[in-house]
Amino acid sequence: QVQLVESGGGLVQAGGSLRLSCAASGRTFSNMGWFRQAPGKEREFVAAISRDFSVTYGADSVKGRFTISRNNVKNTVYLQMNSLIPEDTAVYYCAQGRAIGAPTLLAEDYDYWGQGTQVTVSS
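Residues take numbers from 1 onward in each chain, read along the sequence in its written order. For this predicted model, a pLDDT threshold of at least 70 governs which residues receive local features, and a threshold of 80 or more governs which side-chain atom pairs are given and counted, while totals over whole chains, interfaces and linings are taken from all residues. Here the side-chain values reflect all heavy atoms present in the structure, with hydrogen atoms and water set aside.

A.B. asks: Help me understand the pairing of strand β5 (residues 44–49) in this model?
C.D. replies: We call a residue buried when its accessible area falls under 20% of the maximum for its residue type, exposed when it is over 50%, and partly exposed in between, using a 1.4 Å probe and counting protein chains only. Where helices and strands are cited, they refer to DSSP runs of H or I of at least four residues and of E of at least two residues respectively, numbered from the N terminus. Burial analysis of β5 places 5 of its 6 residues in the buried class, which makes it a mostly covered element. Here strand β4 (residues 32–37) runs beside β5; their pairing, made up of 5 bridges, is antiparallel. For Arg36, the partnering residue across the bridge sits in β5 and is Glu44. Paired strands, in this sense, are two strands between which DSSP finds at least two bridges. Hairpin connection between β4 and β5: a loop of 6 residues separates the two successive antiparallel strands, and Gly40 in this loop has a positive phi of roughly 75°. Note that β5 and strand β6 (residues 56–58) share 3 bridges and pair antiparallel. What sits directly across from Ile49, in β6, is Thr56. The hairpin turn running from β5 into β6, its antiparallel successor, is 6 residues long, and Phe53 in that turn takes a positive phi close to 75°.

Spelled out as C-alpha cells, the structure:
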C-alpha cells in the first residue's frame with residue numbers, strides 16, 4: 001500500500017547537478033534506497049539511508065559526488081547528485097526497505113519501488 005513517486009530528473013550537462021526527490025504517500029520511517037538502471041544494464045545500487053539518518057551508504061561509483069538525505073516530516077528522501085558524468089545516465093528509482101535494522105545494498109531487501117525518473121547527462 002506504499003506509493004513512492006520520484007521527481008527531479010532531467011537533462012544536464014556533464015559537471016552539473018540535480019536533486020532527486022522521492023515522496024511517499026504516507027509515513028516513511030523505513031530504510032530508504034536509491035537505485036538506477038541504464039538501458040541494457042542491471043539494476044545498480046546507488047545509495048541508502050537508515051530510518052533515523054544515522055547510517056548512509058553509497059556505491060563506490062558515486063561516493064564523493066552523490067549524497068542521500070531524508071526529511072521524515074515531509075516523508076521524502078533526496079538524492080543530491082553533483083559532478084555528474086555521462087555514465088550516470090539512467091532511470092533512477094527510490095525504494096523502501098525495512099523499518100528496523102541497518103539499510104542494505106541489495107535490491108531484494110527493498111519491498112516498494114517508485115516509477116523512476118530519467119536522468120540524462122550530456123558530454
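A.B. asks: It is not clear to me how the state of the cysteines should be interpreted in this structure. Could you clarify?
C.D. replies: Every disulfide links exactly two cysteines, by a covalent bond between their sulfur atoms. Disulfide assignment relies on a single distance test, namely cysteine sulfur atoms paired within 2.5 Å. Tallied over the entire structure, the rule returns 1 disulfide. Residue Cys22 pairs covalently with Cys94 via a disulfide, S to S 1.9 Å. Taking the sign of the S-S torsion, about 50° here, the bridge from Cys22 to Cys94 comes out right-handed. Of the two residues, Cys22 sits in strand β3 (residues 18–24) while Cys94 sits in strand β9 (residues 90–96), which places them 72 residues apart along the sequence. Neither residue differs from the other here; Cys22 and Cys94 are each classed as buried.

A.B. asks: Would you mind showing me how to read the packing of aromatic side chains here?
C.D. replies: In this analysis, rings of Phe, Tyr and Trp, with Trp reduced to its six-membered ring, are considered paired at centre separations within 6.5 Å, and the interplanar angle assigns stacked below 30 degrees, edge-to-face beyond 60, and tilted for intermediate values. Taken as a whole and judged by the stated rule, the model has 4 aromatic pairs. Aromatic pair Phe35 and Phe45: ring centres 5.6 Å apart, planes at 75°, arrangement edge-to-face. Of this pair, Phe35 sits in strand β4 while Phe45 sits in strand β5, and the two are 10 residues apart along the sequence. With respect to burial, Phe35 and Phe45 carry one shared label: buried. Put simply, the rings of Phe35, Phe45, Tyr110 and Trp113 touch in pairs and so form one group of aromatic residues. Only when the NZ of Lys or the CZ of Arg is both within 6 Å of the ring centre and within 35 degrees of the ring normal is a charge said to sit over the ring. If you follow Arg19 out to its NZ or CZ, it ends over the ring of Tyr78, 4.1 Å from the centre. Across the ring face of Trp113, the terminal group of Arg43 is positioned such that the distance to the ring centre comes to 4.3 Å.

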